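# Structure at a glance
Spelled out, the chains give:
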Amino acid sequence: MKEKTLVLIKPGAVQRELIGEIMTRFERKGIKIVGLKMMEMTAHLVKLHYAHLINEPFFNDLQSFMMSTPVVAIALEGAGIVKRVRDLTGVTNPREARPGTIRGDFSISVRNNVVHASANLEEALIELQRFFSEDELFNYNRMNVIDYSDE
Ligand code: IDP
Ligand code: MG
């Protein structure tokens, strides 16, 4: 099975109408999208997803923020995809994220850092199962040339 990872477009980016802009980053790079949906995160789902932050003073705010609009969940596939997507995303604090990364280009607030991306292989496996059922993940081949047969 090929390596996969999870990206969430967070509520702040949905509010700011950045869904297309963010998806384009991955598509233009040539990364294969194998799952895609809009969904609402429940309190339970946020607690599972951010279990490592549950005792932080900012957790309640983070939880209500993640539930404030639907999020867009994206499953991405390819060799070394977990690290590649994390690199495209940039570090957690957008003020330190490099220009050219999604967080570096579109955000200034740590809580509202526009996207989530799985941090490592183990996290990616767990998170994909949490956000996608098996029949929501797709197997297909991409053509690597534009089809000009109708021209
Ligand atoms: P990551 O999203 O880069 O993997 P984590 O440490 O797993 O970073 O934190 C998860 C999310 O929690 C961050 O993306 C951010 O939205 C939020 N968060 C992390 N640290 C803070 C903080 O100090 N204040 C507010 N929100 C935070
Ligand atoms: Mg994390």
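Report on the accompanying structure.

### Considering the sheet that holds strand β2 (residues 32-39)
- If you walk across this open sheet you meet the four strands as β2-β3-β1-β4, and the pairing is antiparallel. Strands at the two margins of the open sheet, each flanked by one partner only, are β2 and β4 (115-117). On average, adjacent strands in this sheet sit at an angle of 20° to one another, irrespective of strand direction.
- Alignment of β2 against strand β3 (residues 71-77), held across seven bridges, turns out to be antiparallel. By the bridge assignment for β3, Met38 is matched with Val72.
- On top of the sheet, helix α7 (residues 121-131) reaches β1 (4-9), β2, β3 and β4; it is set at about 60° to β1, its chief contact.

### As for the site of ligand 1
- The environment of ligand 1 is formed by Lys10, Tyr50, His52, Leu53, Phe58, Leu62, Arg86, Thr92, Arg103, Val110, Arg111 and Asn113.
- At 2.8 Å from an oxygen atom of ligand 1 is found a side-chain nitrogen or oxygen belonging to His52.
- The separation between an oxygen atom of ligand 1 and a polar side-chain atom of Arg103 is 3.0 Å.
- Relative to its unbound accessible surface of 530 Å², ligand 1 loses 77% to contact with the protein.
- Its residues placed into classes, the shell around ligand 1 shows five nonpolar, three polar and four charged.

### Things to note about helix α4 (residues 59-66)
- Of the residues making up α4, those classed as buried are Phe59, Leu62, Gln63, Phe65 and Met66. Mapping the buried residues of α4 onto a view down its axis gives an arc of 165°, with all of them on the same face.
- Turning to α4, the residues buried within the fold contact β1, α1 (11-15), α3 (43-49) and β3.

### Topic: the pairing of β3
- The buried fraction of β3 amounts to seven of the seven residues, a majority that puts the element mostly inside the structure.
- Side chains Val71, Ala73, Ala75 and Glu77 project from β3 onto one buried face, and the interleaved Val72, Ile74 and Leu76 project onto a second face that is buried too.
- Note: β1 against β3, six bridges, orientation antiparallel. Bridged to Ile9 within β3 is Val72.

### Digging into the nonpolar core
- Counting 22 residues, the largest nonpolar core has Ile22 and Leu76 as its most contacted members.
- For this core, the secondary-structure elements that each account for two or more residues are β1, α1, α2 (19-29), β3, α5 (81-89), α6 (102-106) and β4.
- Beyond its immediate chain neighbours, meaning those up to four positions away, Ile22 contacts Ile9, Ala13, Ile102, Val114 and Val115.
- Within the second largest apolar cluster, 19 residues are counted, among which are Leu53, Phe65, Met66 and Phe131.

### Some points on a nonpolar patch on the surface
- The grouping of Met1, Leu125 and Ile126 at the surface amounts to a nonpolar patch, some 390 Å² of accessible area in total.
- Within the secondary structure layout, Leu125 lies in helix α7.

Definitions and limits used
Residues numbered from 1 in each chain as written. Chains lettered and ligands numbered in written order. Predicted model: local features only at pLDDT ≥ 70, side-chain atom pairs only at ≥ 80, totals over all residues. Heavy atoms only, no water. Pairing = 2+ DSSP bridges. Helix = DSSP H or I, 4+ residues; strand = E, 2+ residues; numbered from the N terminus. Axes fitted to C-alpha atoms, helices over the stretch in contact; angles between N-to-C directions. Contact = heavy atoms within 4.5 Å. Near = heavy atom within 4 Å. Polar contact = N/O pair within 3.5 Å; in protein donor to acceptor, adjacent residues only side chain to side chain. Areas by Shrake-Rupley, 256 points an atom, 1.4 Å probe, with all protein chains shown as cover. Nonpolar A, V, L, I, M, F, W, Y, C, P; charged D, E, K, R; others polar. Buried < 20%, exposed > 50% of the residue type's maximum accessible area, 1.4 Å probe, protein only. Arc of directions from axis to C-beta. Core = buried A, V, L, I, M, F, W, Y, C linked by side-chain atoms within 4.5 Å. Patch = residues over 30% accessible without salt bridge, like charges linked within 9 Å, V, L, I, M, F, W, Y side chains within 5 Å. Salt bridge = Lys/Arg side-chain N within 4 Å of Asp/Glu carboxyl O.

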